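Listed below, chain by chain, are the residues.
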Amino acid sequence: MSRLLIACAVLLGTASFAQAPAAPPSQPKAAAAPAAPEKPNPLKATAERTQAALAQLPAAKPEDVKSQDAIIKALYDVISGPAGTARDWQRFRSLFYPGAQLIPLVKPPGAATLAARAITPDDYVTWGKEATATHGFFEKETARQTHAFGALVQVMSTYEARGTQDGPLIAKGVNSIQLFNDGQRWWVMNIFWIDENTAGIKVPKDLTQK
């Protein structure tokens, strides 16, 4: 009897072992989640574009960019000259910081309101090469008001334009010129202008006195 019990116990034990759930297979470790892509930084991208553009600019004449007065004189000088005389457009480009604009206020034909026509220095060069091939142009500053806060400078520069050095007046107006000093030199950031005919009014007295 005892041998039968022992045999049953062995069988039961074997059956129990066989029916016991096998140990779960080891699971491979989950792969680490990929790092989130870096968010684009528009300020960083702008800084990189600016540095690349600065490297492409023609070198400025040191005497053109040493002071506020020097860079404004260079601006007027470089665009002036008789018909058929090539301007120094590389010198012109060298005065402007990357991203600078030239913005005349105009009154389109038939329009009752003014419009701003922003162009780049390169756009101005394209226009200037064609215009000065057949037309003389002399522009000079006649008065100036300057407001500054550190490296930021706003100049209201009254101008007169003629077709020849001493010819009749063809335009009179005001250039609003924004300047910037980076610690090394002066730069033109923007020029925004309007003439008396477009404005429909005369330049006020406080902008005609030096």
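Look up: the structure comes first, before these words.
In this text, all values refer to a predicted model and were calculated from it rather than measured experimentally.

Participant: Looking at this structure, how should I read the pairing of strand S1 (residues 96-106)?
Facilitator: Working note: regular strand, side chains alternate between the two faces of the sheet. Here five bridges tie S1 to strand S6 (residues 186-195), and the two strands are oriented parallel to one another. By the bridge assignment for S6, Gln-101 is matched with Asn-190. Of the pairings in the sheet, the one linking S1 to strand S2 (residues 115-116) comprises two bridges and is antiparallel in character. Within S2, the position partnered with Leu-105 by the bridge is Ala-116.

Participant: Which parts of the structure should I look at to understand the side chain of Glu-141?
Facilitator: Tracing the backbone shows Glu-141 in strand S3 (residues 138-149). One polar contact links Glu-141 to Arg-144, side chain to side chain, over a distance of 2.8 Å. At 2.7 Å, the side chain of Glu-141 forms a polar contact with the side chain of Ser-157.

Participant: What is the right way to look at the environment of Thr-158 in this model?
Facilitator: Counting through the fold element by element, Thr-158 comes out in strand S4 (residues 152-162). Spatially, the C-alpha atoms of Thr-158 and Gln-145 are 8.7 Å apart, while their sequence positions differ by 13 residues. Setting aside chain neighbours within four positions, we find Thr-158 in contact with Tyr-76, Lys-140, Glu-141, Thr-142, Ala-143, Lys-172, Gly-173, Val-174, Val-203, Leu-207 and Thr-208. From its side chain, Thr-158 meets the backbone oxygen of Leu-207 in a polar contact 2.2 Å long.

Participant: So what exactly am I meant to see when it comes to the side chain of Glu-139 here?
Facilitator: Take Glu-139: it is sitting in strand S3. Arg-162 provides the closest opposite charge to the buried, unpaired Glu-139, separated from it by 10 Å. Side-chain polar atoms of Glu-139 contact the side chain of Asn-175, separated by 3.3 Å.

Participant: Is there a simple way to explain the packing of aromatic side chains in this structure?
Facilitator: Tallied over the entire structure, the rule returns seven aromatic pairs. Ring centres of Phe-92 and Phe-96 lie 4.9 Å apart, and the angle between their planes is 55°; on these two criteria the pair is classed as tilted. Look at Phe-92 and you get buried, because its relative accessible area is 1%. For Phe-96, a relative accessible area of 2% translates into the label buried. With 5.1 Å between their ring centres and 85° between their planes, Tyr-97 and Trp-187 make a pair best called edge-to-face. You can see Tyr-97 sitting in strand S1 and its partner Trp-187 sitting in strand S6, a full 90 residues away along the chain. Grouping aromatic residues by their ring pairs yields a cluster made of Trp-89, Phe-92, Phe-96, Tyr-124 and Trp-127. Taking the ring centre of Trp-187 as reference, the NZ or CZ of Arg-185 above it sits at 3.3 Å.

Calculation notes
- Residues numbered from 1 in each chain as written.
- Predicted model: local features only at pLDDT ≥ 70, side-chain atom pairs only at ≥ 80, totals over all residues.
- Heavy atoms only, no water.
- Pairing = 2+ DSSP bridges.
- Helix = DSSP H or I, 4+ residues; strand = E, 2+ residues; numbered from the N terminus.
- Polar contact = N/O pair within 3.5 Å; in protein donor to acceptor, adjacent residues only side chain to side chain.
- Contact = heavy atoms within 4.5 Å.
- Buried < 20%, exposed > 50% of the residue type's maximum accessible area, 1.4 Å probe, protein only.
- Lys, Arg positive; Asp, Glu negative; His and termini not counted.
- Salt bridge = Lys/Arg side-chain N within 4 Å of Asp/Glu carboxyl O.
- Phe/Tyr/Trp six-rings, centres within 6.5 Å; stacked < 30°, edge-to-face > 60°.
- Lys NZ or Arg CZ within 6 Å of the ring centre and 35° of its normal.

Purely geometric numbers; function is a separate question.
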